[in-house]
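Coordinate analysis (summary)
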Amino acid sequence: MPRGRGRSRVSALVGAQEEGSASSPTAQPQRERVLLRGIFEIGRGSCDVVLSERTLRWRPILPERPAGDSKCDLKCKEELIELKDIFSVKLKRRCFVKQQGNGTLLGITLFICLRKEQNKLKDSTLDLINLSEDHCDIWFRELENILTGFPNRPKSLKILLNPQSHKKEAVHIYYEKVEPLLKLAGVSTDVTITEYEGHAASLLNECELQGFDGVVCVGGDGSASEVAHALLLRAQKSAGVEADLHPVRAQLPLGLIPAGSTNVLAHSLYGIAHVVTATLHIIMGHLQPVDVCTFSASGKLLRFGFSAMFGFGGRTLALAEKYRWMSPNQRRDFAVIKALAKLKPEDCTISFLPLNNSQDVLQRRVQASPKSGCSGPWQTLHGQFLNVSIMAIPCLCSVAPRGLAPNTRLNNGSMALILARNTSRPEFIKHLKRYASIKNQFSFPFVETYTVEEVKVCPRTNTSGDNEGEEVGPHKPASETTFPWNVDGDLMEVASEVHVRLHPGLISLYGGSLEEMNDCSVTCNCL
């Protein structure tokens, strides 16, 4: 398009449509003010383009045709994109070899976040071609101004890379797939590659975070859980409160780039462990409040976490930690087989506070101190249990497409307590296999499920040491025996009763909305 002609037509159109005339074929609702209107080439044809407060619309400019021409009506169909789906805008230029300066202006390129099947997000582009420098400058500045006005979109991020996650691909994943998108969106980053276990937690405890809008972890579930724990500990320290009693919300949101073996947190948050999807959720500033548990023993906080397993799940992880020299998949399969071969129940007492929102129960709950035992609405179970699962999130993953706890959500203010009582090895294996199918994994007489707010697990025997023998460690006196817990893929060994409390919406993670997750859990069978 010639530069002068394009500019004059745009000026006339902007002036004529300042109030969004209803007679125009691209008229906007009266509530949505028209900001700019002009002519751009989109695809291979000239289009009448209208920028309003929420959308960008365009319609092909075609010669007049007889009324009722269906072919013309089809070609003249209006198209639009919502401005909230645009994450970057750049001036499009053509640069030749050895050319000095910025090159020849071609127009404007919009970078768009598109939602695809299976909860995937994809980046795409839309070129608005116009050779007028003045015209493009006006549109470019207006679009940039709109993008800076979207809340929650980060401008600066602290990036933590775990180079040991899964197949040691985290560094490659970040620099090949994540960093280019962050740069495109204008997000500045400060990257640290962690060097040892606990490095991320130590770093977050000491470094200045005021200049960052969020923290991003590139790694597996263990890495993400460590960073979440560190962010919450820092929030408690800053607020000067006892973390286990009245924890406060994390001050910064956490982003997860999946680079682990199971990626339970990423699956539960995004519906899929997809690096580009995770990155675009972060860039777009999609925030999701997530419930968090505190794990404490003898009145002392052990850690924050999203899910835990005791019994079979804990012993399997303890075994896997002894064979770190194996590949992740081999180590996991070997540990499962060995734990099944030595399958024995834990003799313990389990007390829990069922979820009940009635005023009567809430009043009794306030009157009953956490240290007063299991009075009031508390319930107590004694017996032998093969596995105990306590989960505040659905725990979706490739080996459990419905989730380890399919009846809970990311922020519904409750935990799922799943108990597998003692049974034969074949029956327990059937229960485990059900997680990989669409059948109900809880429809066994030895499996019980509860929706709870607090749980206390108190082992009554020393079966852990007996079960594992040399794999877990030498035999110890009863007072020194520890029991392995699997907390978000990390091993936690405790010698006494563990008290688990739920804290609703304690941290914000970059991810989809609760409604999207609900829809996904109902309609999607291929997560």
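Residues numbered from 1 in each chain as written. Predicted model: local features only at pLDDT ≥ 70, side-chain atom pairs only at ≥ 80, totals over all residues. Heavy atoms only, no water.

Turning our eyes to something else, we now look at the overall build of the protein chain. Counting its regular elements, the protein chain contains 14 helices and 21 strands. For the protein chain, the proportion of its 527 residues judged to be buried stands at 51%. Within the protein chain, contacts between residues separated by at least 24 positions form 69% of all contacts whose residues are at least 6 apart in sequence. (Helix = DSSP H or I, 4+ residues; strand = E, 2+ residues; numbered from the N terminus. Buried < 20%, exposed > 50% of the residue type's maximum accessible area, 1.4 Å probe, protein only. Contact = heavy atoms within 4.5 Å.)

Moving on, we get to the pairing of strand β3 (residues 55-60). By the bridge criterion, five bridges tie strand β2 (residues 45-52) to β3 in an arrangement that is antiparallel. When the bridges of β3 are listed, Asp48 appears paired with Arg59. Counting the residues that bridge the hairpin from β2 to β3 gives two residues. Where β3 lies against strand β4 (residues 79-82), four bridges are found, and the strand directions are antiparallel. Across the sheet, Trp58 pairs through a bridge with Glu79, a residue of β4. (Pairing = 2+ DSSP bridges.)

Glancing now at the side chain of His199. Looking at the secondary structure, you find His199 in helix α5 (residues 199-206). Within the structure, the side chain of His199 is placed 2.9 Å from the backbone nitrogen of Glu195, a separation counted as a polar contact. The contacts of His199, once residues within four sequence positions are left out, are Thr192, Ile193, Thr194 and Glu226. (Polar contact = N/O pair within 3.5 Å; in protein donor to acceptor, adjacent residues only side chain to side chain.)

Confidence along the protein chain averages 81 in pLDDT terms, with 79% of residues attaining 70 or more. Ignoring residues within four places in sequence, the model shows residues 358-375, a span with pLDDT below 50, making 18 contacts including any to other chains. Scored below 50 in pLDDT, residues 517-527 makes 16 contacts in the model with residues more than four places away or belonging to other chains. (pLDDT = per-residue confidence, 0-100.)

A word on the environment of Leu301. By the secondary structure assignment, Leu301 is in strand β13 (residues 300-305). When its relative accessible area of 19% is taken as the criterion, Leu301 is described as buried. Separated by 198 residues in sequence, Leu301 and His499 place their C-alpha atoms 9.3 Å apart.

Ranked by size, the top nonpolar core spans 83 residues in total, and within it Val218, Val227, Leu254, Ile257 and Ile507 carry the most contacts. Looking at which element gives the most residues to this core, the answer is helix α8 (residues 275-284), with seven residues. Beyond its immediate chain neighbours, meaning those up to four positions away, Ile257 contacts Ile173, Val178, Val216, Cys217, Val218, Gly219, Val275, Ala278, Thr279 and Ile282. Counting residues in hydrophobic clusters, the runner-up holds 27 residues, among them Cys293, Phe310, Val388 and Val487. (Core = buried A, V, L, I, M, F, W, Y, C linked by side-chain atoms within 4.5 Å.)

In this section: the pattern of salt bridges. By the definition in use, this model includes 15 salt bridges. Here Asp48 ties to Arg37 by a salt bridge, and the two come within 2.1 Å at their closest N and O atoms. You can see Asp48 sitting in strand β2 and its partner Arg37 sitting in strand β1 (residues 34-42), a full 11 residues away along the chain. By relative accessible area, Asp48 is classed as buried at 10%. Residue Arg37 is classed as buried on the basis of its relative accessible area of 5%. With its nearest N and O atoms 2.9 Å apart, the salt bridge here joins Asp137 to Arg141. Of the two residues, Asp137 and Arg141 are both situated in helix α3 (residues 133-148); the distance of four residues between them amounts to about one turn of the helix. (Salt bridge = Lys/Arg side-chain N within 4 Å of Asp/Glu carboxyl O.)

Moving on: helix α4 (residues 170-184). Between its first and last C-alpha atoms α4 spans 20 Å; for 15 residues at 1.5 Å apiece the expected length is 21 Å, and the two agree. At Val178, α4 shows its maximal bend, which comes to roughly 40°, and the proline Pro180 appears one to four places after that position. When α4 is considered as a whole, its buried residues turn out to be Ala170, Ile173, Tyr174, Val178, Glu179, Leu181 and Leu182. In the stretch just after α4, Gly186 is the one whose phi turns positive, near 75°. (Expected span 1.5 Å × (residues − 1). Bend = angle between axes of the 7 residues up to and from the residue.)

Looking now at the packing of aromatic side chains. The tally for this structure, following the rule as stated, stands at 10 aromatic pairs. When the centroid spacing of 5.0 Å and the interplanar angle of 80° are considered together, the rings of Tyr174 and Tyr175 count as edge-to-face. You can call Tyr175 partly exposed: its relative accessible area is 35%. With 4.7 Å between their ring centres and 65° between their planes, Tyr323 and Phe334 make a pair best called edge-to-face. (Phe/Tyr/Trp six-rings, centres within 6.5 Å; stacked < 30°, edge-to-face > 60°.)

Relative orientation of the contacting elements α4 and α8 amounts to 35°, with a least axis distance of 10 Å. In this structure, α4 crosses over α8, and the sense of that crossing is right-handed. For the pair α4 and α8, the contacting residues are Ile173, Lys177, Val178, Leu181 and Leu182 in the first and Val275, Val276, Thr279 and Ile283 in the second. (Axes fitted to C-alpha atoms, helices over the stretch in contact; angles between N-to-C directions. Left-handed = near helix turned anticlockwise from the far one by under 90°.)

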